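In case you want the letters, here they are:
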Amino acid sequence: MDEFIEAAIQEAKKSKAQGGIPIGSVLVKDGKIIGLGHNQRVQKNDPMAHAEIDCLRNAGRVGNYKDTVLYSTLMPCYLCGGAVVQFGIRKVIVGESRTFEGCEKFMKQHGVEVINLDNNECITMMQDFIKKNQKLWFEDIGK
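What counts and what doesn't
- Residues numbered from 1 in each chain as written.
- Predicted model: local features only at pLDDT ≥ 70, side-chain atom pairs only at ≥ 80, totals over all residues.
- Heavy atoms only, no water.
- Axes fitted to C-alpha atoms, helices over the stretch in contact; angles between N-to-C directions.
- Helix = DSSP H or I, 4+ residues; strand = E, 2+ residues; numbered from the N terminus.
- Parallel < 35°, antiparallel > 145°, perpendicular 65-115°, else oblique.
- Contact = heavy atoms within 4.5 Å.
- Nonpolar A, V, L, I, M, F, W, Y, C, P; charged D, E, K, R; others polar.
- Core = buried A, V, L, I, M, F, W, Y, C linked by side-chain atoms within 4.5 Å.
- Buried < 20%, exposed > 50% of the residue type's maximum accessible area, 1.4 Å probe, protein only.
- Pairing = 2+ DSSP bridges.
- Right-handed = clockwise from strand over helix to strand, strands pointing away.

Chemist: It is not clear to me how the packing of helix 3 (residues 51-59) against helix 4 (residues 78-87) should be interpreted in this structure. Could you clarify?
Modeler: When two helices pack together, you describe them by how their axes are tilted relative to each other and by the distance separating the axes. Contact pair helix 3 / helix 4: the axes reach a minimum separation of 8 Å and the direction vectors enclose 40°. The angle between helix 3 and helix 4 places the two elements in the oblique class. Contacts between helix 3 and helix 4 involve Glu52, Ile53 and Leu56 from the former and Leu79, Cys80, Ala83 and Phe87 from the latter. Residues belonging to the contact of helix 3 with helix 4 are distributed by class as follows: six nonpolar, no polar and one charged.

Chemist: I tried to follow the nonpolar core on my own but got confused; where do I start?
Modeler: Side chains of nonpolar character tend, in soluble globular proteins, to be buried together. Judged by nonpolar contacts, the single largest core of 29 residues is most densely connected at Leu27, Met107 and Trp137. Residue contacts for methionine 107: discarding those within four places in its chain leaves Met75, Pro76, Gly81, Val84, Val85, Val92, Val112 and Val114. In terms of nonpolar packing, the next biggest core, distinct from the first, is built from nine residues, Ile5, Val69, Tyr71 and Ile93 among them.

Chemist: Honestly, the environment of glutamate 52 in this entry has me stumped. Any pointers?
Modeler: Mapping glutamate 52 onto the fold places it in helix 3. Look past the residues within four positions of glutamate 52 in its chain and what remains in contact with it is Ser25, Leu70, Ser72, Leu74, Pro76 and Cys80.

Chemist: Sorry if this is basic, but what is going on with the pairing of strand 5 (residues 113-116) here?
Modeler: Along any regular strand the residues' side chains alternate between the sheet's two faces. Looking at chain direction, strand 4 (residues 91-94) and strand 5 are connected through four bridges and run parallel. Residue pairing for strand 5: isoleucine 93 is matched across the bridge by isoleucine 115. As for the winding sense of the linkage, the β-α-β connection from strand 4 through helix 5 (residues 104-109) to strand 5 is right-handed.

Chemist: What should I look at first to understand the sheet that holds strand 3 (residues 68-72) in this one?
Modeler: What links the strands of a sheet is backbone hydrogen bonding, and the strands pair in either a parallel or an antiparallel sense. With mixed pairing, the five strands of this open sheet are ordered in space as 2-1-3-4-5. Where the open sheet ends on each side, the last strands, each with one partner, are strand 2 (32-38) and strand 5. On average, adjacent strands in this sheet sit at an angle of 15° to one another, irrespective of strand direction. Here five bridges tie strand 1 (residues 24-29) to strand 3, and the two strands are oriented antiparallel to one another. When the bridges of strand 3 are listed, valine 26 appears paired with tyrosine 71. The sheet contacts of helix 3 involve strand 1, strand 2 and strand 3, and relative to strand 2 the element is tilted by about 135°.

Following this line, the structure appears as structure tokens:
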């Protein structure tokens, strides 16, 4: 398995262990992880603390994002996809989009290459979480 999606999965597991939503993200530049993050909406009582946003915050200012790759265990929502487009991230690699369609079309319309790994571990992790935490999940996706 790709070491970077594996790192994102480990971030998702951290969130789950903290009582949060199991979504993780990693920002990579020049073959190295420069930012790690996980969904912390529950932990920080912050509706903006999605995994990708947490990852970008933890990476800090990197100047130009055009040579970065964002990994996420789940297809980004419009909030996170908007950040991808805003910062000019050109490539996003996701674990899965079966449990959440996200904004793949939006990102592609803005020139972002989106690669969906359809990773079984990511799918199972989200399906199990959603079954047990429907109210929290629907709050996270704004439904």
